[in-house]
Structure formats: C-alpha cells, structure tokens
Amino acid sequence: MTIAVNTRLLFTGHPEGYGCFIQEVFRRITQQHPEHTFIFLSDKAEKEQFDFGSNCKSIIIRQAGKHSLFRKLWYDIKIPALLKKHTADVFVCCDGYCSLTAKVPQCLLAHSPVFFTGSQLRYYKKHIVDHLTKALSIATVSSCLKQEIEAQYDISPDKMSVVHPATNKLFVPLNAEERQRVKDTYTGGMEYFVYTGAIHPQKNLMLLLKAFSVFKKKQKTAMKLVLAGKLAPKYDSFRVNLQSYKYRTDVLLTGSLPDKELAAITAAAYAMVIPSAGEGFAVPELEAMQCKIPVISAAEPSLQEIAGEAALYANPENYEELAAQMILLYKDEGKRNELIQKGTAVAQRYSWDKTAGIMWECIFKTRT
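Before going into details, it helps to say that this report is about the structure given with it.

How each quantity is defined
Residues numbered from 1 in each chain as written. Predicted model: local features only at pLDDT ≥ 70, side-chain atom pairs only at ≥ 80, totals over all residues. Heavy atoms only, no water. Helix = DSSP H or I, 4+ residues; strand = E, 2+ residues; numbered from the N terminus. Expected span 1.5 Å × (residues − 1). Buried < 20%, exposed > 50% of the residue type's maximum accessible area, 1.4 Å probe, protein only. Arc of directions from axis to C-beta. Phe/Tyr/Trp six-rings, centres within 6.5 Å; stacked < 30°, edge-to-face > 60°. Lys NZ or Arg CZ within 6 Å of the ring centre and 35° of its normal. Core = buried A, V, L, I, M, F, W, Y, C linked by side-chain atoms within 4.5 Å. Contact = heavy atoms within 4.5 Å. Pairing = 2+ DSSP bridges. Right-handed = clockwise from strand over helix to strand, strands pointing away.

**Things to note about helix 13 (residues 352-366)**
Part 1 of the reasoning: Between its first and last C-alpha, helix 13 extends 21 Å over 15 residues, near the 21 Å set by a 1.5 Å rise per residue.
Part 2 of the reasoning: Inspection of helix 13 places W352, T355, A356, M359, W360, C362, I363 and T366 among the buried residues, and these make up the whole buried set. On an axial view of helix 13, the arc spanned by its buried residues comes to 160 degrees, and they lie on one face. Turned more than 90 degrees away from the buried face of helix 13, the exposed residues are K354 and E361.

**Brief notes about unusual backbone geometry**
Part 1 of the reasoning: Positive phi outside glycine occurs at T87, with the angle close to 45 degrees.
Part 2 of the reasoning: If you trace the backbone, T87 turns up in the loop between helix 2 (68-85) and strand 4 (90-93).
Part 3 of the reasoning: Of note in the backbone geometry, D154 takes a positive phi value of approximately 55 degrees without being a glycine.
Part 4 of the reasoning: Examined against the element boundaries, D154 turns out to sit in the loop between helix 4 (143-153) and strand 7 (160-162).
Part 5 of the reasoning: Residue D154 is classed as exposed on the basis of its relative accessible area, which comes to 69%.

**Quick look at the packing of aromatic side chains**
Aromatic rings in a pair are described by how distant their centres are and how their planes are angled relative to each other.
Part 1 of the reasoning: One pass over the structure, following the stated rule, counts 13 aromatic pairs.
Part 2 of the reasoning: Here the aromatic rings of F40 and F52 are separated by 5.6 Å at their centres, their planes lie at 85 degrees, and the arrangement is edge-to-face. Of this pair, F40 sits in strand 2 (residues 37-42) while F52 sits in the loop between strand 2 and strand 3 (56-60), and the two are 12 residues apart along the sequence. Residues F40 and F52 agree in their burial class; the two are buried.
Part 3 of the reasoning: Both rings, one in F212 and one in F215, keep their centres 6.2 Å apart while their planes meet at 15 degrees; by these two values the pair is stacked. Taken as a pair, F212 and F215 lie in helix 6 (residues 205-219) at a separation of 3 residues, close to a single helical turn.
Part 4 of the reasoning: For F212, a relative accessible area of 0% translates into the label buried.
Part 5 of the reasoning: Put simply, the rings of F193, F212, F215, Y270 and Y330 touch in pairs and so form one group of aromatic residues.
Part 6 of the reasoning: The cationic tip of R336 hangs over the ring face of Y270; the distance from NZ or CZ to the ring centre is 4.3 Å.

**Brief notes about the nonpolar core**
Part 1 of the reasoning: Residues F26, I29, V92, M289, M359 and I363 are the most contacted members of the largest nonpolar core, which totals 62 residues.
Part 2 of the reasoning: Setting aside residues up to four positions removed in sequence, F26 forms contacts with V5, F21, F40, F52, V92, C94 and I363.
Part 3 of the reasoning: The next biggest cluster of nonpolar side chains, apart from the first, holds 34 residues, and it includes A211, L225, Y245 and L329.

**Section: the pairing of strand 12 (residues 295-298)**
Where a strand is regular, its side chains alternate between the two sheet faces.
Part 1 of the reasoning: The pairing of strand 11 (residues 271-274) with strand 12 spans 3 bridges and is classified as parallel. Bridged to V273 within strand 12 is I296.
Part 2 of the reasoning: When strand 12 meets strand 13 (residues 312-314), the two strands line up parallel, connected through 3 bridges. Looking across to strand 13, one finds that I296 is bridged to L312.
Part 3 of the reasoning: In the classification by handedness, the crossover that spans strand 12, the intervening helix 10 (residues 301-307) and the parallel strand 13 is right-handed.

Any functional reading would require information that these geometric values do not contain.
Spelled out as structure tokens, the structure:
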C-alpha cells in the first residue's frame, strides 16, 4: 500500500502542536509497517524531517502564497495530480483540509478552528462540511472535538476516531539540585509559574498577566512567571505591553527553546498555568504532569478531558479566578502534592505508541 501524508505543519526546528503529532506518530507508523510505502508531501524544502526509513520519501509541492486561491490550487489541482502519478492508495490530511477533487480515499485529521484567522478562517467556514463529507475516516485529538463535529455537522460516530497526543520522553522529573540549576539560570534562583507554548493572541496570556499581578500584589512574593515559547508573527504588541507591565522584571520571555531545555524549564517550575480557551488538546498539560508539576488550567472541556481531578481550573475569562487558584496552590502545599500524585497517574495513560496504533487503524480502514 502507498500512503501519501500531508505534512505542511511539520517544519524544521522544534515542532509544536500538530507538527509534533505528525513527527511522533508517523515515525512510529513507518517503522512498524515497513511493508508499506509512505510519501510525505510538503510545501517546504525540509526533507530531513522525514528520514524515518527506507520506505519513506519526501516530495515538495510549492505553494505560491497563503491566499485561499493558492490553497485551493495546492489541494485541488497539484495534490490530485501527484496522488495519481504515484498511485497512492490513501491520502492522510493532517492540517484539517481534504483535497476536494482527489479520487484517492482520504483520512482527515480534523482541527478546531479556534486559532484560524483571516482568509484561513473564511475558507474553513465555507468548506468544512465539504471536507468532513469527503473524508472516509476522521481523526480528532480529543473526544470533545469529536462530539462537537458529530453534533454540529451531523457526522456519523462510526466515521470518527479519537487519537490523543502524548508527550516527549525528555519530560521527566528533576532532582532538587537539577531544579535549582534551572532556577539559577532563568529566574535568579526564584520559584516560578510557567506557561509553555506559542505567544499568540488566542492563548489568553494578557489574562495570565492580570492574574499574576493580583497574585503578586496579594502574596508579596518574589515568585516569577516564565513564558516559554515563540512569539507569534505580528504580535509584537505583547512585548510592547509587557514593557509597561508593573511586574515586568518578574516575567521572562524565553523565546523558542530546544526540547531538552523546555523540558527542564517545565520540570523545575512551581506549577504550570494554561489560561487559553478553545484548546483541542494541550500537550503542555500532560508534559507538566509527567514531570510531577501541578497544573492550573482554563476550565475548558478539552483540558478537563485530559486532567480530570488532577488539575485546578479557572474561568478563562476571569483573571481574578485564575489568580485565586494560583494563590491556593502557593499557600496549600498539601493540595499541591495531591495534584502531583493525581497528575502522575494521568500522564501514565498516554503514549505515542498507543496514539500511533489508533492512527494506523484510522488510516487502514480508509482504504476499505
């Protein structure tokens, strides 16, 4: 069987989100199924990301721009021609879109549109029903998203599978000496709350800054806040706003970090804070629990699906409620230890091997 995979979301460096999902899942699938041929399709010349084995090859299909017309040209003209040329048996669509003209059976990895903007969002709203209908099988990263799609678009549950992501093995607990080394490096030896992920307008980080202000004002503590992630394009306003922030000297923007250093920053934190609404599946939540770090999360169904009783929750529109949970965790060591124990048990339920197995079943049934 020849399986073509859309890997536009996988890029050189340290992939996050769906890019990480593609890399971890298809590295395993290609190695576990050497009898099949895998063709990785991308619009970027980064073949080194796809060197998973001799049964894999990468093909670059240039996309002229981000406008919806160029997107349609890529999916509905260039992709079908290439699938026909290489006699693909299945096309796996990992960025939320199918090819609406390809005759090859398609497996769609559906996305939540919460972080789509501009022409991408308009294209999604206009064509999402067509894409969901075109796909013979659909995978989602959470049960919440699966149920939302089933209800909103009248999609049969039999067509859908849940493929929960997992975490990098680098995310492990640190001993006291290692934790202190990280704190000495980044926060002058002080304890800190950490957020990891993109510094993006939709990530609700201004609310986190407001909550941190309340926390600092009420607790009179030297605690820091570390925001570990890449600043999104056209979001320089966040850095500008931070310059006038009262506690700006207590906030650290690290920028993009190698996985090993990101794991260390996570494992040395006092707690992880995830304020964003609309997450499909927040891998940092699992990463923190795997590192035996407690989590404070937005009270969103997809995040609660992961952690259950192993996290504290706050309304993502109420900074005072988020601050209250930060204060509770800071003052109640017993609650912190309870969350660590529960979180460790939750983290053990997830693995990339399990995820890859479910994704393979979803792909395999597409061809029948």
